[in-house]
Amino acid sequence: MITSNEETLNRLKAGDESVFDAVYKQYYKGLCAFASQYVAETETEEIVQEVMMWLWENRAMLVPQMSLKSLLFTIVKNKCLNNITHNQIKQRVHEKLYAKFENQFEDPDFYIEGELIALATKAIRELPEEYRKAFEMNRFGHLTYNEIAERTGVSPKTIAYRISQSLKILRTELKEYMPLFLALLH
């Protein structure tokens, strides 16, 4: 189907899809092999497909006197070099970010736990004073409702109510972070 370079380019320019298919089949494997000299094999097919799409989308600009083969290989080479440059820039950015946040990346669980503990502590501190005292005595002091009632001079039912309300408030305040709290517990 592909005859001369000039005829191929003229027919591509005219929008002949059968010629485009023939060009695609003729050059695809060779362009992939060529691209693999520059980039990882996982990226070669994507680059070659982009070049072929570029060829079809820009067919109106083709000049019949140019070499189609040279054009395709040059564009593939340039795309590969751009890809390498892009990956190098991305690597440098990652290295800079890593250096900046190195202590957090070394133990991300520690960082996340610290943030969650700070959020929980803040939410507990903001509870109404009587609720907070009852909650802390129960959860951190490991006292029963009866023991807390004896120390504060109120009934065990009042302590149960205060702790219940504290939990309700904390669940509301920390609802966005509950999945993280649960994940850390496991």
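Residues numbered from 1 in each chain as written. Predicted model: local features only at pLDDT ≥ 70, side-chain atom pairs only at ≥ 80, totals over all residues. Heavy atoms only, no water.

An unreviewed UniProt entry lists the protein under the name RNA polymerase sigma-70 factor, expansion family 1, with Parabacteroides goldsteinii dnLKV18 given as the organism. What the UniProt record of the protein gives under Sequence similarities (unreviewed entry) is the line "Belongs to the sigma-70 factor family. ECF subfamily." (UniProt positions renumbered as here; feature names shortened; annotations may be inferred.)

Asks: So what's going on with the overall build of the protein? Which residues, and what values?
Replies: The secondary structure content of the protein amounts to ten helices and zero strands. Beginning at the N terminus, the succession of helices and strands in the protein can be written as α-α-α-α-α-α-α-α-α-α. Here the protein, with 186 residues, has 27% of them falling under the buried criterion. Taking all contacts inside the protein whose residues are at least 6 apart in sequence as the whole, residues at least 24 apart take part in 60%. Approximately 12700 Å² of the protein is accessible, and the part contributed by carbon and sulfur atoms is 54%. (Helix = DSSP H or I, 4+ residues; strand = E, 2+ residues; numbered from the N terminus. Buried < 20%, exposed > 50% of the residue type's maximum accessible area, 1.4 Å probe, protein only. Contact = heavy atoms within 4.5 Å. Areas by Shrake-Rupley, 256 points an atom, 1.4 Å probe, with all protein chains shown as cover.)

Asks: Which residues make up the pattern of salt bridges, and what values do they have?
Replies: Once their charged atoms are close, side chains differing in charge can pair, the charge on each being opposite to the other. Following the criterion strictly, the structure yields seven salt bridges and no others. A salt bridge links glutamate 126 to lysine 122, with the nearest nitrogen and oxygen atoms 2.8 Å apart. The salt bridge partner of arginine 132 is glutamate 136, with a shortest N-O separation of 3.1 Å. Taken together, the positions of arginine 132 and glutamate 136, both in helix H7 (residues 129–139) and four residues apart, correspond to about one turn of that helix. (Salt bridge = Lys/Arg side-chain N within 4 Å of Asp/Glu carboxyl O.)

Asks: Let's hear about the nonpolar core: which residues, and what values?
Replies: Counting residues in hydrophobic clusters, the biggest one holds 25 residues, and the most contacted among them are Leu12, Val23, Met52, Leu55, Leu68, Leu72 and Val76. Of all elements in the fold, only helix H1 (5–13), helix H2 (17–35), helix H3 (41–57) and helix H4 (68–100) reach the threshold of two or more residues within this core. The element contributing the most residues to this core is H2, with nine residues. Apart from the residues lying within four places of it in its own chain, the contact partners of leucine 55 are Leu12, Phe20, Val23, Leu62, Leu68, Leu71 and Leu72. Judged by nonpolar contacts, the second largest core, of seven residues, contains Ala123, Ile124, Leu170 and Leu174. (Core = buried A, V, L, I, M, F, W, Y, C linked by side-chain atoms within 4.5 Å.)

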